[in-house]
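Secondary and tertiary structure notes
Chain by chain, the residues run as shown.
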Amino acid sequence: MYARKPNVLRILIYVLVAVMSAALLGGAIFGIMKLVEYNNSETKSPSLNWQVGALDANGDYRATKGSIYTKDPFDCQGLTVELDFEANVSYQIYFYDSEVKFISSTAVMTDNFKSENIPIIAAKARIVVTPKNDNDISSSERRSYAKQLTITVLKEQSGVSDKVVLTYEDGIKVYADFELKVNEDKSAKEQYKTSKPVNLSGYTKICVVDKKPFCVYFGDKDGKNIGDQYKIYMQAEVYEIDIPVGAVYVRFAAPFAPVDNQIENAIIYLLNT
């Protein structure tokens, strides 16, 4: 009897199936590893909409063909930026508050950016990337320049940054301690309005952006002063004020001013850091 010749086509099919199965298994394992890695990480890469253009000194759109920028602001807590070793671009970060009001921007950078340099009141950011030798970026080149930066943020954007809108009660003027009514014999220079109480529940810090003096009054659940009787903060761009233990509300006022003066220009945020 003659030995049956092997079926070459069948062998090829078996080999092909084995190779494809191995490839699929390898891909599945790789996918599972990436999923586990992502789930174990506290950071993620945000989804960014890169467009040709830039931002001006106020964080608004500026037309140019020599830069790309993230058109939509993205959540920026924990933001880090790493440049590729052979990157041929510079970049600048623009920060905004929770209402997408411009706060500040970094200098033009050619090194990495660390999260500890984020302004405390920043909730959103946008990035401008500028190549070194390209003044007319095409739509197809946007991705190649954007890929030279590795951008990550925290997966959980849990911090709270809420802007405060102060209101005042008509006819209520105070002297030094907001719990004391102003007597008729007190000088008008010692009088000023304070805001209605601002609830501090869930917050740990206050941030005030102002160039003029202002003062704060903390009160406990019984309506009594807590911490300093009142504290005056002199001229500064930004003050970060820790909320005292036991404080449930705060009032703001503008000292050394006419009777009806209020904190009109200050920007106040409540933070949960």
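These numbers were taken from a predicted model, which means no experiment stands behind them.

**Focus: the packing of aromatic side chains**
For the coordinates displayed, the defined rule picks out five aromatic pairs. For the ring pair Y61 and Y69, a centre distance of 5.6 Å and an interplane angle of 40° mean the geometry is tilted. Relative to F102, the ring of Y94 lies with its centre 6.2 Å away and its plane at 45°, an arrangement referred to as tilted. Ring pairing ties together the aromatic residues Y94, Y96 and F102, which thus form one cluster.

**A word on the nonpolar core**
It is characteristic of soluble globular proteins that their nonpolar side chains tend to be buried jointly. If you look at the biggest cluster of nonpolar residues, it comprises 25 residues, and the most contacted ones within it are L79, Y91, I93 and I127. Per element, the largest residue contribution to this core is four residues, and it comes from strand β8 (residues 89-96). Those residues in contact with I127, other than ones at most four positions away along the chain, are W50, I68, Y69, T70, F74, V81, Y91, Q92, I93, L149 and I151. Membership of the second largest hydrophobic core comes to 22 residues, among which are V208, F214, A254 and I263.

**Comments concerning the sheet that holds strand β21 (residues 249-253)**
On the basis of which strands lie adjacent, the open sheet formed by four strands has the order β16-β21-β18-β19 and antiparallel pairing. Edge positions in the sheet fall to β16 (198-199) and β19 (231-233), since each has one partner strand and no second. Pairing of β16 with β21 involves two bridges; the strand directions are antiparallel. Note on β21: the bridge partner recorded for N199 is Y249.

**Side note on the pairing of β21**
Of all the five residues making up β21, five are buried; the element is thus mostly covered by neighbouring parts of the structure. Judged by which residues are buried, β21 turns out to be covered on both faces: Y249, R251 and A253 on one side and V250 and F252 on the other are all buried. As judged from the five bridges shared by strand β18 (residues 214-219) and β21, these two strands associate in the antiparallel manner. What sits directly across from V216, in β21, is F252.

Reading the values: rules and limits
- Residues numbered from 1 in each chain as written.
- Predicted model: local features only at pLDDT ≥ 70, side-chain atom pairs only at ≥ 80, totals over all residues.
- Heavy atoms only, no water.
- Phe/Tyr/Trp six-rings, centres within 6.5 Å; stacked < 30°, edge-to-face > 60°.
- Core = buried A, V, L, I, M, F, W, Y, C linked by side-chain atoms within 4.5 Å.
- Buried < 20%, exposed > 50% of the residue type's maximum accessible area, 1.4 Å probe, protein only.
- Helix = DSSP H or I, 4+ residues; strand = E, 2+ residues; numbered from the N terminus.
- Contact = heavy atoms within 4.5 Å.
- Pairing = 2+ DSSP bridges.

Read these as layout, nothing more, since geometry by itself doesn't imply function.
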